[in-house]
Amino acid sequence: MAKRAAPQEEGTLIKRARSSEPEANNQQIAISSSNDERQKALVRSVKRTSNLEAPIVSLSGAHSCIRKITLSQAEILSCRFDPTGQNIAACSADRGISLWRTYPPNTNYGLLSTIHKAPVLDLQWSLFSPLLYSVSADHTLAYTDLATGQRVRKLRAHREIINSLDRTLAGGAGVELLASASDDGTVRVWEGGDDGGKDPVAVFELGCPVTCVAWSADGATIYAGALDNGIHVLDLRKQEEVSVLSGHVDTPTGLAISPNGSYLLSPSFSSQTIIHDIRPFAPSPNRIHRVLTGAPAGFENTLLRGAWSREDGGRRVAVGGADRTVTIWDVESSKILYKLPGHKGTVTAVDFHPKEPIILTASKDGTMLLGEIEPGTL
């Protein structure tokens, strides 16, 4: 007797969402589908938390380089959302800066390849003008007009490689100020915008290479991580160093201020991430608020950059690692909430969307990933 063929209408088992859940925020995602009885799989409804096209979106193809006569992706060293969250900028070892749309169709609408003559190590969106600031291993700080795609200013800012850049609005003056950190052992402050001068507003000599820099929320203080394992606190008004935040046993690789301006996040080469309390009167004498572990720095001495979540007021922090994942912690409990995979190389930079629970990650594999996470609570 011949076997009876399986009816075509038999297919995949579907798990229905509860009727109380709004269907608009749910998507059915097929893990696999087959008419074969042995290969049936579950199709489940996933609650969406953002306006991305999919829960995970890959951005790739903009940065490439030739290695051993083959074309491969160039490592991305920094990536950031613009203040509105609508656009993304990324810089790479191929000397290029790519511009992307955050939301569908996620267009790579710009590639700036002539701004610098060496790898671009960090960048920042202007807070109030259509400018993009970037620093490079060619010792320069560049101002690029995003309306035209042309570089409008180029400053020979340091004598050595510039590792990090941050910007702020000077209190009351409405002037945008930039701080750059370099291997020449200095932190220099520059006036942003189209009308800034060619000379620095202030110069701080730290005596050893500076790996990262961040402004305080009020724009009066600069925090600078250096090769001596300390985070130097620099007073702009006095133009002098006022203190040093200790706790690291190896060089800090990145700095990020919390949305409320009270805490400072700093990953390091020791694979230890510290959150310092930078309020005027901190309860702890050493100002260490939390010590986080779980994001290995690896042996490549890559400057890994961390970030604070913004849509929930800074309840979570994230740092990439050499294990090719991104670690997200809850700040209050110090517990790991997520270990997000997806990259094929060290995750060099992360950023949180300013309005939605979306995380942006960049890697040495030359790709970026946009991923939605559970929304936080204010």
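None of the values given here were measured: they were computed from a predicted structure. (Residues numbered from 1 in each chain as written. Predicted model: local features only at pLDDT ≥ 70, side-chain atom pairs only at ≥ 80, totals over all residues. Heavy atoms only, no water.)

### Here we look at the overall build of the chain
Point 1. Scanning the chain from terminus to terminus reveals zero helices and 33 strands.
Point 2. Relative to its full complement of 378 residues, the chain shows a buried share of 52%.
Point 3. For the chain, long-range pairs separated by at least 24 residues make up 47% of all intrachain contacts whose partners lie at least 6 apart in sequence.
Point 4. Accessible surface, the chain: about 17900 Å² in total, of which carbon and sulfur atoms supply 50%. (Helix = DSSP H or I, 4+ residues; strand = E, 2+ residues; numbered from the N terminus. Buried < 20%, exposed > 50% of the residue type's maximum accessible area, 1.4 Å probe, protein only. Contact = heavy atoms within 4.5 Å. Areas by Shrake-Rupley, 256 points an atom, 1.4 Å probe, with all protein chains shown as cover.)

### Observations regarding the sheet that holds strand β9 (residues 97-101)
Point 1. Strand order in this open sheet of four strands is β7-β8-β9-β10, and the pairing throughout is antiparallel. Of all the strands in the sheet, just β7 (76-81) and β10 (108-112) have a single pairing partner and so form its edges. Between one strand and the next, the sheet's axes are offset by a mean angle of 15 degrees, whatever the strand orientation.
Point 2. Sheet topology places β9 next to β10; four bridges connect them, and they run antiparallel. Its bridge partner lying in β10, S98 is registered against L111. (Pairing = 2+ DSSP bridges. Axes fitted to C-alpha atoms, helices over the stretch in contact; angles between N-to-C directions.)

### Examining the sheet that holds strand β22 (residues 240-245)
Point 1. Strand order across the open sheet formed by four strands is β19-β20-β21-β22, with antiparallel pairing between neighbours. The open sheet terminates on both sides in strands that have one partner only, identified here as β19 (210-215) and β22. Taken pair by pair, the neighbouring strands of this sheet meet at an average axis angle of 25 degrees, ignoring direction.
Point 2. Direction of pairing for strand β21 (residues 231-235) relative to β22: antiparallel, over a ladder of five bridges. By the bridge assignment, H232 is partnered in β22 with V244.

### Notes on a positive patch on the surface
Point 1. On the surface, a cluster of positive charge is made up of K117, R151, K154 and R156.
Point 2. Residue classification places K154 among the partly exposed residues on the basis of a relative accessible area of 35%. (Patch = residues over 30% accessible without salt bridge, like charges linked within 9 Å, V, L, I, M, F, W, Y side chains within 5 Å. Salt bridge = Lys/Arg side-chain N within 4 Å of Asp/Glu carboxyl O. Lys, Arg positive; Asp, Glu negative; His and termini not counted. Charge placed at Lys NZ, Arg CZ, Asp CG, Glu CD.)

### Quick look at the pairing of strand β14 (residues 150-156)
Point 1. Looking at chain direction, strand β13 (residues 140-145) and β14 are connected through six bridges and run antiparallel. When the sheet's bridge partners are listed, T144 is paired in β14 with R151.
Point 2. Between β13 and β14, which follow one another and run antiparallel, lie four residues, and G149 among them has a positive phi close to 75 degrees.

### Notes on the packing of aromatic side chains
Point 1. One pass over the structure, following the stated rule, counts one aromatic pair.
Point 2. Seen in terms of ring centroids, Y133 and Y143 are 4.9 Å apart; in terms of plane orientation they differ by 85 degrees. Their pairing is edge-to-face. Here the residue Y133 occupies a position in strand β12 (residues 131-136), and Y143 occupies one in strand β13, the gap between them amounting to 10 residues.
Point 3. The exposure class of Y143 is buried, given its relative accessible area of 0%.
Point 4. Taking the ring centre of Y109 as reference, the NZ or CZ of R101 above it sits at 3.9 Å.
Point 5. One residue, R153, lies across the ring of Y143, its end atom 4.7 Å from the ring centre. (Phe/Tyr/Trp six-rings, centres within 6.5 Å; stacked < 30°, edge-to-face > 60°. Lys NZ or Arg CZ within 6 Å of the ring centre and 35° of its normal.)

### With respect to the nonpolar core
Point 1. By size, the foremost hydrophobic cluster in this structure holds 17 residues, and its most contacted members are L59, C79, I88, L360, M368 and L370.
Point 2. Not counting the four nearest positions on each side in its chain, L360 is found in contact with C79, R80, F81, I88, A349, V350, D351, M368, L369 and L370.
Point 3. Ranked by size, the runner-up nonpolar core spans 16 residues in total, among them A181, F204, V213 and L236. (Core = buried A, V, L, I, M, F, W, Y, C linked by side-chain atoms within 4.5 Å.)

### Some thoughts on unusual backbone geometry
Point 1. A cis geometry characterises the amide bond from P104 onward to P105, with omega recorded as 10 degrees.
Point 2. A positive phi is found at S271, a non-glycine position, where the angle reads about 70 degrees.
Point 3. Within the element layout of this structure, S271 appears in the loop between β24 (263-266) and β25 (272-277).
Point 4. Residue S271 is classed as partly exposed on the basis of its relative accessible area, which comes to 26%.

### Notes on the pattern of salt bridges
Oppositely charged side chains can form a pair if their charged atoms are brought close together.
Point 1. Enumeration according to the criterion identifies 10 salt bridges in this entry.
Point 2. Note that E311 is salt-bridged to R316, the shortest N-O span being 2.7 Å. The exposure classification of E311 matches that of R316, with both residues buried.
Point 3. Linked by salt bridges that have partners in common, R80, D122 and R305 make up one network.

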